[in-house]
Every structure is written in structure tokens, then in C-alpha cells.
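Working through the structure, step by step
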Amino acid sequence: MKLSKKSRYGITALIDLSIHSKKGHVALSSIAERNAISPQYLEQIFANLRRAQIIKSIKGAQGGYLLNKPAKEISMAEIIEALDGTYHIEEEQGTENTQNPTIALVIQNNLIDRINESLDRVLLNSSLADLENEYQSQNEFNEQMYYI
């Protein structure tokens, strides 16, 4: 599985939003600037996240974005599916022309199903809060290193 640029930027922007929205809504332009993401591209990403009800927007001059639910309730699977669709590997298709259709079944059961189960285990059990906490932990460590 390759994580698309859209998903990478989306996850980055959501970590930023999660951190900065604790004090109130956050402007898209500030998220884009802090993370060096094109505001136009981020608008497209946030449109998908809004449709998936991961974030909500506040209209008006002082508007911005908030998470629609707590970060610990937003899984990486939910984010990736909102931005890129399914992350599962497609099922193996046996064809009528195959002399040994059992091969397709073996590939499906012993490889594809196991990979998809592993992806589910990681992505369904990794939340936005997990990534936010890890980011803040790493960021604090890096800031301390500069003061030594």
C-alpha cells in the first residue's frame, strides 16, 4: 500500500488542527502556512474531510475549522478512506481461463486477506490522538535538544 500525498497532507493538517483547535476554531490559511501546504489543495482535502464528517467548518469572517469529534475517536482508517477510498488490496480474481483456480484462492487466503487484516489492525487502532501525542512528544524532545 502506498500512502498518497493527499492522505499524508490530510493527516498532517489534522494533527495541526487537533493541536491548535483546543483554543477554538483554526483558519485553513494558518494550517496551510504552518505545514507548507498549498491552501487550494488543502481546501480540496478539507472538503473531503467535511463530507466524511471528520471536521466541521465555522462560517464567517472569524471562521475556521474544528474536529467534529474527539481526536481519540478518529481512526487513521477513517481519514484515509475519506481522502483516498478503500486502503484494502483488491481481491484476487480467478478467471475462467485459469487452468488452476485454486491458485487464486491460495493467493487470496494466504496473502491478500492477511495483508488486509494487518492494515485493519494498524489503521483502525491508530487514532489521530495517538499521532498528535507522538508529534508533541517528539517536538518537545527536539526543543529540549536545542537548549542543552
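See above for the structure.
Residues numbered from 1 in each chain as written. Predicted model: local features only at pLDDT ≥ 70, side-chain atom pairs only at ≥ 80, totals over all residues. Heavy atoms only, no water.

1. Details of the layout of surface pockets
Quick note on the threshold: Here the term cavity refers to a set of points on a 1 Å grid, laid over the protein atoms alone, in which a 1.4 Å probe fits but cannot get out; the term pocket refers to an open set having protein on both sides within 12 Å along at least five of seven lines, with lining residues being those that place an atom within 4 Å of a point. Grid points are joined across faces, edges and corners, and a volume is the space filled by probe spheres set on the points. For helices the rule is a DSSP run of H or I covering at least 4 residues; for strands it is a run of E covering at least 2, with both sets numbered from the N terminus onward. Ten residue types, Ala, Val, Leu, Ile, Met, Phe, Trp, Tyr, Cys and Pro, are classed as nonpolar, four, Asp, Glu, Lys and Arg, as charged, and the remainder, Gly among them, as polar.
Considered as a void within the structure, the largest pocket measures approximately 180 Å³ in volume. For the largest pocket, the lining is made up of 11 residues, of which I15, I19, H20, Y135 and N139 are closest to its centre. Of all the secondary-structure elements, those providing two or more residues to the lining of the largest pocket are α1 (5-20) and α6 (128-147). Across the lining of the largest pocket, the residue classes break down as 3 nonpolar, 5 polar and 3 charged.

2. Quick look at unusual backbone geometry
Counted only if it meets this: Accessible area is worked out with a 1.4 Å probe on protein chains only. A residue is then buried under 20% of its type maximum, exposed over 50%, and partly exposed in between.
Residues other than glycine seldom take positive phi values, yet A36 does so here, at roughly 50°. Classification of A36 as exposed rests on a relative accessible area of 69%. In this structure, Q53 takes a positive phi of about 60° despite not being glycine. Within the secondary structure, Q53 is located in the loop between α3 (39-51) and β1 (55-58). With relative accessibility at 54%, the residue Q53 sits in the exposed group.

3. Side note on helix α5 (residues 102-124)
We apply this condition: Multiplying 1.5 Å by the residue count of a helix minus one yields the expected span of that helix. Fitting axes to the seven residues ending at a residue and to the seven starting there, one defines the bend at that residue as the angle between these axes. Residue contacts follow a heavy-atom distance rule, with two residues in contact if any of their heavy atoms lie within 4.5 Å.
An ideal rise of 1.5 Å per residue puts 33 Å on 23 residues; α5 measures up with 31 Å between its terminal C-alpha atoms. Where α5 bends most, the angle comes to about 35°, and this point is Q108. Turning to α5, the residues buried within the fold contact α4 (76-84).

4. As for the packing of α1 against helix α2 (residues 28-35)
Helices that pack against each other are described as a pair by the angle of their axes relative to one another and the distance between those axes. Stated formally: Under this scheme, a helix contributes an axis fitted over its contacting stretch, all axes are lines through C-alpha atoms, and angles between N-to-C directions fall in the 0 to 180 degree range. For classification purposes, angles smaller than 35 degrees are called roughly parallel, those larger than 145 roughly antiparallel, those between 65 and 115 roughly perpendicular, and all remaining angles oblique. By convention the crossing between two helices is left-handed if the near helix lies anticlockwise of the far one by an angle smaller than a right angle, and right-handed if it lies clockwise.
As a packed pair, α1 and α2 sit with axes 10 Å apart at the nearest point and diverge in direction by 120°. Between α1 and α2, the interaxial angle falls into the category oblique. Pair α1 / α2 crosses with right-handed handedness. Of the residues in α2, those touching α1 at T12, A13, D16, L17 and H20 are I31, R34 and N35. Partitioning the contact of α1 with α2 into residue classes produces 3 nonpolar, 3 polar and 2 charged.

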